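Letter by letter, the chains look like this.
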Protein chains: 2
Amino acid sequence: MRNIRLLLQYDGTRYQGWQRQESNENTIQGRLERLLGRMCGEEIELQGSGRTDAGVHARGQVANFHTSSAMSTEEMFDYINRYLPEDIAVLKVTEASERFHSRLNATGKRYQYLVHNGAAPDVFLRRYAIEEPGRLDLGAMRKAAGCLEGEHDFKAFTSAKKSKKSTIRRIDEVRIEKEGELLRFTFQGNGFLFHMVRILMGTLLEVGRGERSVEDVKRLLEGAGRDQAGPLADAKGLTLMEVYYE
Amino acid sequence: MRNIRLLLQYDGTRYQGWQRQESNENTIQGRLERLLGRMCGEEIELQGSGRTDAGVHARGQVANFHTSSAMSTEEMFDYINRYLPEDIAVLKVTEASERFHSRLNATGKRYQYLVHNGAAPDVFLRRYAIEEPGRLDLGAMRKAAGCLEGEHDFKAFTSAKKSKKSTIRRIDEVRIEKEGELLRFTFQGNGFLFHMVRILMGTLLEVGRGERSVEDVKRLLEGAGRDQAGPLADAKGLTLMEVYYE
């Protein structure tokens, strides 16, 4: 069997997230599997590097599937992009080694969160950025972001039900860039728990508004529970930018 | 009567252009006039700096209307943005001098055209850029763009029916910037004829593809007819960026 690797881009606005669901909901994985099944003439199971929530976007999602189809990767690229809806696209189709697994082999991920910090709305950012019109203390947010870097127990920053699985992850960088009224947050690390980036963002916004201190963020990394961290930030501002492999 | 000036932003994707129409089509001016009428409790005629075609976007459209309403400009700003659809926003509401007229007083305009020049699609640009996947000769396009600058008779570059009105306009700058796969064209001048920017863009794309020479573009400025210039470029790539006043 061939193992085909896809580099995917999608605008998550219209979708119920990545993961296929039993109910007939509109998901990215479901859409792609139906299309790939028609293309290959066999049932296809598409493995993504990870799930993205409803409304979350991707510029560099990676997925792979096994098939006995004889189509060339160029033919697949053209077929998939011809039949995909306007808000999903495949950027690359490549032949992967037999054992490549888009989730298990991932060594890290990079996410971007956009925050529009302006008095007037921006119609071009409404689907892609959180609206946060009030004053934000960037200095305090940068200090708190610095505390998040490194290896920590992030169990305060996940909605995952209690489980035996480790909640220790390493965040390599949390960068905050300001471009006029647009704030760009970059989160890069070796792995992220369920809802982790959205809770980190919701917590950093509390720091920016002066509702939470930098010291308090440090405390959250010392075994605090989910109820002590900030709320889930709006999904629409979040984009999966890149998945890293060896 | 007070004279109120609006700075407007809109995503033109869903609209039949700026201009109100007898038929019940969805236009920017129609949407705004109905809303302003409810706000002021009187019939409002909104004067725009110019029409934008169906699908064309704006980041700096200017319009004005007269009213006897006693509302403050801050109250108007909040009311309008609360009731406008997500793809239209007012960025500023200001008191204008009695004689200010957004179209007649405009001394110039700046437009932006985005062209996505990549092999793979980009879902985030699909509503905002022309897709032009093939090779483009930027050098030749820049030479042709240079020929357009200055005062010329642009009658080859308008769809307007023959009329006594002058077709002479001055273009101050046609700038072409490359950001990866994205080409940004900036057109600034003292005024633009009906469809002029779209025909200029369609003609520059022919030059980029090698279908038309730079010399030929010069010839078009020496009294050629509409039939000799290039086609209308797709409206979705065009954005009205700024309107200039004394």
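The structure presented is a predicted model; accordingly, all values stated were derived computationally and were not measured.

Undergrad: Kindly report on the domain arrangement of chain A, identifying the contributing residues and their values.
TA: Residue and element names in this part refer to chain A. Examined at the domain level, chain A breaks down into domain 1 (2-96) and domain 2 (108-245). For domain 1 and domain 2, the distance between their C-alpha centres works out to 27 Å. The interface of domain 1 with domain 2 comprises 16 residues on the first partner and 15 residues on the second. Contact between domain 1 and domain 2 buries roughly 1200 Å² in total, counting both sides, with carbon and sulfur atoms accounting for 53%. There are 2 salt bridges connecting domain 1 and domain 2. For aspartate 11, the salt bridge identified is with arginine 127, shortest N-O distance 3.5 Å. Where domain 1 touches domain 2, the interface holds 12 residue pairs in polar contact (both at pLDDT 80 or more). The element that contributes the greatest number of residues to the side of domain 1 that touches domain 2 is strand β3 (residues 57-67), accounting for 6 residues. Among the residues making up the side of domain 1 that touches domain 2, the classes are represented as 4 nonpolar, 8 polar and 4 charged.

Undergrad: So what about the packing of helix α3 (residues 138-148) of chain A against helix α4 (residues 196-208) of chain A? Which residues, and what values?
TA: Residues and elements named next belong to chain A. Put simply, α3 and α4 touch, their axes get as near as 8 Å, and they point 145° apart. Between α3 and α4 the crossing geometry is right-handed. Mapping the contact onto sequence places Ala140, Met141, Ala144, Ala145 and Leu148 in α3 and Leu200, Leu204, Leu205, Val207 and Gly208 in α4. Among the residues forming the contact of α3 with α4, the class breakdown is 9 nonpolar, 1 polar and no charged.

Undergrad: Describe the interface of chain A and chain B, and please don't skip the residues or the numbers.
TA: Listed by partner, the interface residues are 24 residues for chain A and 24 residues for chain B. Taken together, both faces of the contact between chain A and chain B bury some 1800 Å²; the carbon and sulfur share is 60%. Among the ionic pairs, Asp122(A) bridges to Arg59(B), the shortest N-O distance being 3.9 Å. Joining chain A to chain B, the criterion identifies 6 residue pairs in polar contact (both at pLDDT 80 or more). Contributions of two or more residues to the side of chain A that touches chain B are made by β1 (2-10), β3, α2 (73-83) and β4 (88-96) of chain A. Ranked by the residues each element gives to the side of chain A that touches chain B, the list is headed by β4(A), at 4 residues. In the side of chain A that touches chain B, the residues fall into 14 nonpolar, 3 polar and 7 charged.

Undergrad: With reference to specific residues and values, describe the relation of the copies chain A and chain B.
TA: Rotating chain A by 180° about the axis while translating it 0.0 Å along that axis superimposes it on chain B, leaving an RMSD of 0.0 Å. Here the symmetry operator amounts to a two-fold rotation axis. Considering only C-alpha atoms, the residue of chain A closest to the rotation axis is Phe124(A), which sits at 5.3 Å. Both copies present the same face, since 100% of the interface residues in chain A are matched by interface residues at the equivalent positions in chain B.

Undergrad: So, the packing of aromatic side chains: which residues are in play, and what are the values?
TA: All names here are of chain A. A complete count under the given rule lists 12 aromatic pairs over all chains for this structure. With a centroid separation of 5.3 Å and 90° between ring planes, the pair formed by tyrosine 111 and phenylalanine 192 is classed as edge-to-face. Separated by 81 residues along the polypeptide, tyrosine 111 in strand β5 (residues 106-116) and phenylalanine 192 in the loop between β9 (182-189) and α4 bring together distant segments of the chain. The same class applies to tyrosine 111 and to phenylalanine 192, which are both buried.

What counts and how
Every chain's residues receive numbers from 1 upward, in the order its sequence appears when written. Chain A is the first chain written and ligand 1 is the first ligand written, with later ones labelled in order. Side-chain atom pairs in this predicted model are given and counted only at pLDDT of 80 or more, local residue features only at pLDDT of at least 70, and totals for whole chains, interfaces and linings cover all residues. Each side-chain value is derived from all of the structure's non-hydrogen atoms; neither hydrogens nor water enter the calculation. Each domain span listed reflects an automatic or database assignment of domains. A contact between two residues is defined here by any heavy atoms of the two lying within 4.5 Å. Defined here as a combined quantity, buried area equals the accessible surface (1.4 Å probe) lost by two parts on assembly, summed across both. Salt bridges are counted wherever a side-chain nitrogen of Lys or Arg sits within 4 Å of a carboxyl oxygen of Asp or Glu. N or O atoms within 3.5 Å of each other form a polar contact, as long as, within protein, one can give a hydrogen and the other can take it, and as long as residues adjacent in sequence are counted only when both atoms are side-chain atoms. Per the convention used, a helix needs a DSSP run of H or I reaching at least four residues, while a strand needs a run of E reaching at least two, with both numbered from the N terminus. Gly falls in the polar group here, along with every residue not listed as nonpolar (Ala, Val, Leu, Ile, Met, Phe, Trp, Tyr, Cys, Pro) or charged (Asp, Glu, Lys, Arg). All axes here are fitted lines through C-alpha atoms, helices being fitted over the stretch that makes contact, and every angle between N-to-C directions spans 0 to 180 degrees. If you view the pair so one helix is near and one far, a crossing is left-handed when the near helix is turned anticlockwise from the far one by less than a right angle, and right-handed when it is turned clockwise. When the copies are superposed, the least-squares fit takes in the C-alpha atoms of residues with a pLDDT of at least 70 in both. The aromatic pairing rule takes the rings of Phe, Tyr and Trp, using the six-membered ring of Trp, and pairs them if the centres are within 6.5 Å, calling planes under 30 degrees apart stacked, those over 60 edge-to-face and the rest tilted. Exposure classes here rest on a 1.4 Å probe applied to the protein chains alone. A residue is buried below 20% of its type maximum, exposed above 50%, and partly exposed in between.

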